[in-house]
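Results of the structural survey
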Amino acid sequence: MRGVYPTGMSATNAGVMPESGLTYANLFIFNARDESKGPDGEVLATGTNAVMIDLNTFVWVSRETLFGGARFSAAATLLVSNNSLASDTAGQLSAGGGFADFYFQPFILGWTTDRVAIRTAYGVLAPTGRFNADASDDVGSGYWTHAPSIGVTLLLTKDKTTTLSAFYMHEFHTDAPVYTQDRRPRSTTP
Amino acid sequence: MGVIGYGQWQTTDKTGPTITPTQGSAHYQVNAPGFASNVVLPARGVSLGLKYFKEFSNRSTFEGYTLQIAGAVTF
């Protein structure tokens, strides 16, 4: 298990806001993993884990500026996912595909100067993707994620061709639903 | 073009009715260097990008690589 953020997604231009107006962005991610590691880095199992995610993001950025020259922005991301997990010893363990969770960033502020760009955001991942703790074809996480983040990009040259970026996001997860045998969700309180 | 990377660290225990204390306290850790290439066409409001990461020394999770292809257009 990992967090829900597709790692590396904001590795470049982390602090940069799109131009004012409406932007459509498409990001295709292919994750391939072949080892399961233990707490000390030991190999617990080998197999094949392939995850394909297509993120369709619509970003709106204001033309006006708020305090400190910040531009306000909001974004919505529709995710389509396909995943497969197979063990070398146990065979196929799970596979699923379809619309995954819905990622919404209702509050984004971005500051841009000649040499630095900063982007702060609050995002929420809604568990709209199919999820059942007992199933083997899940495409959703099954829980809500609240994700504040900040990205900074230093424009090292005047023509903006050389940059240095850093991005930090912290995820807060709610509990996943637990199902009774007849598949109706029940309380998650332990 | 340039060098990139990511790290991911679980900071709190995992909890749930079916999670054992050992599973709950096993925090995952991910490390991955990589490279990226971006092309920006400001006049057309278009940008394209390619990223590749290879993970190493992970803890309590899977390990592998990631390929990302990005495109954006501003209207």
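Residues numbered from 1 in each chain as written. Chains lettered and ligands numbered in written order. Predicted model: local features only at pLDDT ≥ 70, side-chain atom pairs only at ≥ 80, totals over all residues.

Focus: the overall build of chain B
Each helix and strand counted, chain B has one helix and four strands in total. When the elements of chain B are put in sequence order from the N terminus, they spell out β-α-β-β-β. Against the compact-globule benchmark of 11 Å for 75 residues, chain B has a radius of gyration of 18 Å, which places it well outside the compact range. For chain B, the spread of C-alpha atoms along the principal axes amounts to about 55 × 25 × 15 Å. Buried positions account for 23% of the 75 residues belonging to chain B. A fraction of 45% describes how many contacts in chain B between residues 6 or more apart in sequence connect residues 24 or more apart. (Helix = DSSP H or I, 4+ residues; strand = E, 2+ residues; numbered from the N terminus. Rg over C-alpha atoms; globule rule 2.2 N^0.38 Å. Buried ≥ 20, exposed ≤ 12 C-beta atoms within 10 Å, placed from the backbone. Contact = placed C-beta atoms within 7 Å.)

Here's the deal with the pairing of strand E3 (residues 46-54) of chain B
Residue and element names in this part refer to chain B. Here strand E2 (residues 29-41) pairs with E3 via eight bridges, running antiparallel. The residue of E3 that forms the bridge with Phe35 is Tyr52. One ladder, built from nine bridges, connects E3 with strand E4 (residues 62-74); its direction is antiparallel. Residue Leu48 lies in a different strand from E4, and its bridge partner there is Gly71. (Pairing = 2+ DSSP bridges.)

Description of the environment of Ala121 of chain A
In this fold, Ala121 of chain A is placed in strand E5 (residues 116-126). C-alpha of Ala121 of chain A to C-alpha of Pro106 of chain A: the two residues are 15 residues apart in sequence and 8.1 Å apart in space.

Let's talk about unusual backbone geometry
Backbone geometry follows two general trends: most residues other than glycine have a negative phi, and most peptide bonds adopt the trans configuration. Residues and elements named next belong to chain A. Positive phi outside glycine occurs at Asn13, with the angle close to 55 degrees. Among the structural elements, Asn13 can be located in the segment before strand E1 (21-37). One non-glycine residue with positive phi stands out, namely Lys160, at about 65 degrees. Its location among the elements puts Lys160 in the loop between strand E6 (145-155) and strand E7 (163-169).

So, the interface of chain A and chain B
For interface size, the figure often reported is the accessible area lost on association. Listed by partner, the interface residues are 35 residues for chain A and 36 residues for chain B. When residues of the side of chain A that touches chain B are assigned to their parent elements, the largest contribution, 17 residues, is made by E1 of chain A. The residue makeup of the side of chain A that touches chain B, split by class, is 16 nonpolar, 12 polar and seven charged. Two elements, E1 of chain A and E4 of chain B, share 13 bridges in a ladder whose sense is antiparallel. Among the inter-strand pairings, Ser36 of chain A is bridged to a residue of E4 of chain B, identified as Phe62 of chain B. (Nonpolar A, V, L, I, M, F, W, Y, C, P; charged D, E, K, R; others polar.)

None of this, on its own, says anything about what the molecule does.
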